[in-house]
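# Understanding the architecture of this molecule
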Amino acid sequence: FIKADHGLTWVAADLLGLDGVAANAKRLSDQSDARVFLSVPQPDGLGGMVYNGVQSTVQQLPGIGASIATGNPVPALASIFGITAAGSYGKYRDRGGSVGQALLGSGLEGGLEVATEYLPMRFLTDKIGKMGAGEFAKGFFGKELVGEEVNTILSHAVDTAIANPD
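Keep in mind it's a predicted model, so treat the numbers as computed, not measured.

Conventions adopted
- Residues numbered from 1 in each chain as written.
- Predicted model: local features only at pLDDT ≥ 70, side-chain atom pairs only at ≥ 80, totals over all residues.
- Heavy atoms only, no water.
- Helix = DSSP H or I, 4+ residues; strand = E, 2+ residues; numbered from the N terminus.
- Expected span 1.5 Å × (residues − 1).
- Phe/Tyr/Trp six-rings, centres within 6.5 Å; stacked < 30°, edge-to-face > 60°.
- Buried < 20%, exposed > 50% of the residue type's maximum accessible area, 1.4 Å probe, protein only.
- Salt bridge = Lys/Arg side-chain N within 4 Å of Asp/Glu carboxyl O.
- Axes fitted to C-alpha atoms, helices over the stretch in contact; angles between N-to-C directions.
- Parallel < 35°, antiparallel > 145°, perpendicular 65-115°, else oblique.
- Left-handed = near helix turned anticlockwise from the far one by under 90°.
- Nonpolar A, V, L, I, M, F, W, Y, C, P; charged D, E, K, R; others polar.
- Contact = heavy atoms within 4.5 Å.
- pLDDT = per-residue confidence, 0-100.

## Observations regarding helix 4 (residues 74-94)
The end-to-end C-alpha distance of helix 4 is 31 Å, a good match for the 30 Å that 21 residues give at a rise of 1.5 Å each. Positive backbone phi, approximately 95 degrees, marks Gly 96, located one or two places after helix 4.

Below is the structure:
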């Protein structure tokens, strides 16, 4: 949540023209990234992938819990959008992107994450507790893994397009 908090602060400061606050949010975001990088075994390898998966799941637990409790995927999807968009805003600004480019890129990444998580979250809210654990896991992870691959490809396309607007 710390990374998302710094990201949201950075967005708000940029939109309000608060350069000092934006610079501080960037500094805190960079420090957060550095701490994660130093604490993860093989940050760019399998260790990083496992760490990111666990970290992402833990961050999303409040939204997922609310979705299970209500039988509606919207709380989880809203949480997923906020965490993804806020977390990716700084990536675009760090590379020299304008506020508009960073908002577009981070908004698209958040939207893609929501679009590719809809089927797994709908499955979760519709099927949890209504089938055996093995059948549930197979159905959920089958939808999740396909969505992750699609999201990775499309998010890289967004990233490339924002980085190379011409």
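## Focus on the packing of aromatic side chains
Enumeration according to the criterion identifies four aromatic pairs in this entry. Taking the centre distance of 6.1 Å and the plane angle of 10 degrees together, the rings of Phe 136 and Phe 140 count as stacked. Remark: Phe 140 and Phe 136 occur in helix 6 (residues 133-163); sequence separation between them is four residues, near one turn of the helix. The same class applies to Phe 136 and to Phe 140, which are both buried. Arranged with centres 5.2 Å apart and planes meeting at 80 degrees, the rings of Phe 140 and Phe 141 form a pair that is edge-to-face. Overall, Phe 140 belongs to the buried group, its relative accessible area being 13%. Counting every residue linked through ring pairs, the aromatic cluster contains Phe 123, Phe 136, Phe 140 and Phe 141.

## Some remarks on the pattern of salt bridges
Summed over all chains, the structure comprises six salt bridges. The residue Asp 126 makes a salt bridge to Arg 122 at a minimum N-O spacing of 3.3 Å. With a gap of four residues between them, Asp 126 and Arg 122 both fall in helix 5 (residues 99-127), about one helical turn apart. Residue class for Asp 126 comes out partly exposed when judged on its relative accessible area of 33%. Each of Lys 91, Arg 95, Glu 109 and Asp 159 takes part in a single network of salt bridges with overlapping partners.

## Details of the packing of helix 4 against helix 5
Taken N-terminus to C-terminus, the directions of helix 4 and helix 5 make an angle of 150 degrees; their axes are 7 Å apart at the nearest point. The orientation of helix 4 relative to helix 5 falls into the category roughly antiparallel. Considering only the axes of helix 4 and helix 5, their crossing is right-handed. Within the contact of helix 4 with helix 5, the residues separate by chemical class into 13 nonpolar, seven polar and five charged.

## Here's the deal with the packing of helix 5 against helix 6
One can describe the packing of helix 5 onto helix 6 by two numbers: an axis separation of 9 Å at closest approach and a directional angle of 170 degrees. Regarding the angle of helix 5 to helix 6, the classification is roughly antiparallel. The residue makeup of the contact of helix 5 with helix 6, split by class, is 14 nonpolar, seven polar and seven charged.

## Thoughts on the environment of Ile 64
Structurally, Ile 64 can be placed in helix 3 (residues 46-70). In this structure, the C-alpha to C-alpha distance between Ile 64 and Ser 79, residues 15 residues apart in sequence, is 8.4 Å. Contacts of Ile 64, omitting those with residues within four sequence positions, involve Ala 76, Met 121 and Leu 124.

## Details of the confidence of the model for the chain
Mean pLDDT for the chain: 85, with 88% of residues reaching 70 or above. When the elements of the chain are averaged for pLDDT, helix 1 (residues 2-16) gives the smallest value, 78, and helix 5 the largest, 93.

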